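Structural features, examined
Residue-level listing of the chains:
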Amino acid sequence: MTAYSKQPGPIGVFDSGYGGLTILHGIRQLLPEYDYLYLGDNARAPYGSRSFDVVYQFTRQAVMKLFDLGCHLVILGCNTASAKALRTIQQNDLPKLDPDRRVLGVIRPTAEVIGKLTQSRHVGVLATEGTIKSHSYKLEIQKLWDDVTVTGIPCPLWVPIIENNEADTPGADYFVKKRIDLIMERDPLIDTLILGCTHYPILMPKIQKHVPKNIQIVAQGEYVAESLKDYFRRHPDMDARCTKHGSVKYFTTENPEKFKETARIFLHEQVDVEHVDLE
Ligand code: DGL
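Focus on the sheet that holds strand 9 (residues 248–252)
A sheet is described by the order of its strands in space; here six strands give the open sequence 4-3-1-2-9-10, paired in parallel fashion. Edge strands, defined here as strands with exactly one partner in the open sheet, are strand 4 (102–104) and strand 10 (273–275). Ignoring which end each strand starts from, the neighbouring axes of this sheet average 25° apart. In terms of strand pairing, strand 1 (residues 11–15) meets strand 3 (residues 73–76) through four bridges, oriented parallel. Within strand 3, the residue paired with Phe14 across the bridge is Leu76. Docked against the sheet, helix 4 (residues 86–97) engages strand 3 and strand 4, running at close to 170° with respect to strand 4.

Observations regarding the site of the ligand
The immediate surroundings of the ligand are formed by 13 residues, with Ser16, Tyr47, Gly48, Thr80 and Thr198 found nearest. Contact distances for the ligand include 2.6 Å between an oxygen atom and a side-chain N or O atom of Ser16. Separating an oxygen atom of the ligand from a backbone N or O atom of Gly48 is a distance of 2.8 Å. A breakdown of the residues in the shell around the ligand according to their chemical character gives five nonpolar, seven polar and one charged.

Criteria and cut-off values
Residues numbered from 1 in each chain as written. Predicted model: local features only at pLDDT ≥ 70, side-chain atom pairs only at ≥ 80, totals over all residues. Heavy atoms only, no water. Pairing = 2+ DSSP bridges. Helix = DSSP H or I, 4+ residues; strand = E, 2+ residues; numbered from the N terminus. Axes fitted to C-alpha atoms, helices over the stretch in contact; angles between N-to-C directions. Contact = heavy atoms within 4.5 Å. Near = heavy atom within 4 Å. Polar contact = N/O pair within 3.5 Å; in protein donor to acceptor, adjacent residues only side chain to side chain. Nonpolar A, V, L, I, M, F, W, Y, C, P; charged D, E, K, R; others polar.

Structure representation (structure tokens):
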């Protein structure tokens, strides 16, 4: 077993790149008193079309890095990693690495609320190819709400559009409309659309423009935050192991200058970033 520090530490938030910043933002709105470490594997993003095994290996390395940096609790602020790596890490790796540490994902908290939001009982999921192919949303939602029909559509071009700072261009309109038309054609009864990729809230103005007005759009940040708050209520032992000075530190596997520049699209604030290597 690895000898990680027993001292309380920050909460780790991981994403393949910048998308997890929308989750971190949601969590910090509700739980500003905690300390956070954000890690973006920008050098190897996007994860969306990578194989199960590669996403698992990369995510496992990131989790181990966040444990090394003192985190007792890590949130996978990435649907692709939550879909493809979370279960294996929880079941196979944590018992060996440190059975007292925890890794949580973003799909379960979204699945938990969705049955309360849909009236028509028809839900759409827009996500990366990896998340859609894993069927994680369908499985998690139908485990809890077996009367809900789930239709998923991959949007492979949305993450590159966002990461290349093209989210408010006419090109983005074209690609957003195309996928929304497709999902509404597949199931016209959909009344609730999940943005099942943590990058997608950056496209919110375009998505709102092209989605029929009676449909509610669900971004995950606030639901993940509420679920984390509830987790701490149920696990005061873990709460005691998370430090609370209201700080955030950012780490990237890419060039910190590049991260700083692009992170501005997501955070609208200047951040300090350090480089880390994962392996
Ligand atoms: N933000 C990640 C997610 O929520 C996907 C981005 C990527 O393809 O790496 O799925």
